[in-house]
Amino acid sequence: MFGYININQKELSDENKKIYQAYYCGLCRKLKEIAGRKGQMLLNYDMTFLIVLLTGLYETENDKQEFTCGLHPTKKRTSYINEVTEYAADMNIILSYQNFEDDWKDEHSFTKKAFAKMLGKDYERIMKKYPRQVAAVETYMEQLGEAEKRGESNIDVMAGLSGTMLGEIFAWKDDMWSEELRCMGFYMGKFIYLMDAYEDIEADRKKNTYNPLVVLASESGKDFDTLSRLMLTSMMSECAKSFERLPILLHAEILRNILYSGVWCKYEYNRLKKQKKNAVSSKRNKKENGNESKE
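Residues numbered from 1 in each chain as written. Predicted model: local features only at pLDDT ≥ 70, side-chain atom pairs only at ≥ 80, totals over all residues. Heavy atoms only, no water.

Enquirer: I keep staring at the overall build of the chain and nothing clicks. Help me out?
Expert: Scanning the chain from N- to C-terminus turns up 13 helices and two strands. Rg of the C-alpha trace for the chain: 21 Å, near the compact-globule value of 19 Å for 295 residues, within the 12% margin. Looking at the chain as a whole, 47% of its 295 residues are labelled buried. Long-range pairs, those at least 24 residues apart, make up 70% of the contacts in the chain between residues at least 6 apart in sequence. Of the roughly 16,000 Å² that the chain leaves accessible, carbon and sulfur atoms contribute 51%. (Helix = DSSP H or I, 4+ residues; strand = E, 2+ residues; numbered from the N terminus. Rg over C-alpha atoms; globule rule 2.2 N^0.38 Å. Buried < 20%, exposed > 50% of the residue type's maximum accessible area, 1.4 Å probe, protein only. Contact = heavy atoms within 4.5 Å. Areas by Shrake-Rupley, 256 points an atom, 1.4 Å probe, with all protein chains shown as cover.)

Here you go:
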């Protein structure tokens, strides 16, 4: 479910790209610190967004460090690390652990089971530190599994499960901002679920695996892409409204780049890929029909 919440590189200034990269590197280093090399393998941009968001809201002080990265050894890198970084790293681990466990249950992937086992001690540590957030993730996975087994066709119900879970993760502290952060996380969680279902629909249809958008696609026909875009736009619009109600000045330009532009990059990529595939298929069919006519 990761990978949709990222910046739009083309629309962001070089200075803000460096700032965003510094938070990304900070998350990578923190994951390595608390979970070793295996922790670094869990790195994703979704949690980087959470770091920038909460840092901007709470204006936490960064520990700026220059370091040499093993993947980019020719040039010194900069990392920003603060208390939000550690929180995001912990959330990264619990989400990854539950995803591995889910893959083991669904696909009996021994590799995923092994990864989950390696994260076991870290998971127990985080459970004691953030019981509310961990309980939200565990409840989400349980309810999601039950809904999929009964073939839940209500898209809003399915997306809402993801939204409720992510809302609890966005609400870092129980304070005056927690409800607005929950609201923002709720709609972003719904957006992510719908994006994931939209991206996987063709593969799920072929495998005959659960995807709540399959029914909508069959019922709406040519209007499916338009309806999908409207649903996604509605979710992100509500998410952006919550963001604008928060008193965030620090890194606001980066956050707006992600919310108003970056989240759509992968959608546009998948849409264009689908159009290209359909065009090739249509051209092939016309050619085959033309050959049949000649015969």
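Enquirer: Explain the packing of aromatic side chains to me, please; I cannot follow it from the model alone.
Expert: Considering all chains together, one arrives at 14 aromatic pairs under this definition. Here the aromatic rings of Tyr20 and Tyr45 are separated by 6.1 Å at their centres, their planes lie at 15°, and the arrangement is stacked. Remark: Tyr45 occurs in helix α3 (residues 45-58) and Tyr20 occurs in helix α1 (residues 14-35); sequence separation between them is 25 residues. In this structure Tyr45 comes out as partly exposed when scored by relative accessible area, which is 29%. Look at Trp264 and Tyr267: their rings are 5.6 Å apart centre to centre, the planes differ by 85°, and that puts the pair in the edge-to-face class. On the accessibility criterion, Trp264 (11% relative accessible area) is buried. Through pairs of rings, three or more aromatic residues link up here, namely Phe191, Tyr198, Phe224, Trp264 and Tyr267. (Phe/Tyr/Trp six-rings, centres within 6.5 Å; stacked < 30°, edge-to-face > 60°.)

Enquirer: I would appreciate a short explanation of the pattern of salt bridges in the present structure.
Expert: Oppositely charged side chains can form a pair if their charged atoms are brought close together. In this structure the tally under the stated criterion is 20 salt bridges. A salt bridge links Lys17 to Asp14; the nearest nitrogen and oxygen atoms lie 4.0 Å apart. Remark: Asp14 and Lys17 occur in helix α1; sequence separation between them is three residues, near one turn of the helix. What makes Lys17 partly exposed here is its relative accessible area of 26%. What makes Asp14 exposed here is its relative accessible area of 55%. Linking Lys241 and Glu238 is a salt bridge whose minimum nitrogen-to-oxygen distance equals 3.3 Å. Linking Lys241 with Glu238, this pair stays in helix α11 (residues 224-245), spanning three residues, or about one helical turn. Assessed through its relative accessible area of 42%, Lys241 is described here as partly exposed. When salt bridges that share partners are traced, they join Arg132, Glu168, Asp174, Glu179 and Arg182 into one network. (Salt bridge = Lys/Arg side-chain N within 4 Å of Asp/Glu carboxyl O.)

Enquirer: Even after reading the chapter, I still don't get the nonpolar core, so can you show me in this structure?
Expert: For soluble globular proteins, the rule of thumb is that nonpolar side chains tend to be buried together. If you look at the biggest cluster of nonpolar residues, it comprises 83 residues, and the most contacted ones within it are Phe49, Leu53 and Met188. A per-element tally of this core places helix α9 (residues 178-207) first, with twelve residues. In this view, Met188 contacts Ile5, Phe49, Leu166, Phe170, Met236, Cys239 and Leu259; residues no more than four positions away in its chain are not counted. (Core = buried A, V, L, I, M, F, W, Y, C linked by side-chain atoms within 4.5 Å.)

Enquirer: Teacher, can you tell me more about the packing of α3 against helix α4 (residues 83-107) here?
Expert: Two quantities define a packed helix pair, namely the angle between the axes and the distance from one axis to the other. In contact at an axis separation of 9 Å, α3 and α4 are set at 150° when each is read in the N-to-C sense. The angle between the axes of α3 and α4 places the two elements in the roughly antiparallel class. Helix-helix and strand crossings are classified by hand; for α3 and α4 the assignment is right-handed. On α4, the residues touching Met47, Leu50, Ile51, Leu54 and Thr55 of α3 are Val84, Thr85, Tyr87, Ala88, Met91, Asn92 and Leu95. (Axes fitted to C-alpha atoms, helices over the stretch in contact; angles between N-to-C directions. Parallel < 35°, antiparallel > 145°, perpendicular 65-115°, else oblique. Left-handed = near helix turned anticlockwise from the far one by under 90°.)

Enquirer: Explain the side chain of Thr85 to me, please; I cannot follow it from the model alone.
Expert: Looking at the secondary structure, you find Thr85 in helix α4. Thr85 sits in the buried class, given a relative accessible area of 0%. A distance of 3.0 Å separates a polar side-chain atom of Thr85 from the backbone nitrogen of Asn82. Ignoring any residue separated from it by four or fewer positions in sequence, one finds Thr85 in contact with Gly26, Leu27, Lys30, Ile51 and Tyr80. (Polar contact = N/O pair within 3.5 Å; in protein donor to acceptor, adjacent residues only side chain to side chain.)

Enquirer: Would you explain the packing of α4 against helix α5 (residues 110-118) in this entry?
Expert: As a packed pair, α4 and α5 sit with axes 8 Å apart at the nearest point and diverge in direction by 150°. Both α4 and α5 take part in a crossing whose hand is left-handed. In contact with Tyr97, Phe100, Glu101, Asp103 and Trp104 of α4, α5 contributes Phe110, Lys112, Lys113, Phe115 and Ala116. Each residue belonging to the contact of α4 with α5 can be placed in one class, and the counts come to six nonpolar, no polar and four charged. (Nonpolar A, V, L, I, M, F, W, Y, C, P; charged D, E, K, R; others polar.)

It is worth stressing that arrangement in space is one thing and function is another; only the former is reported here.
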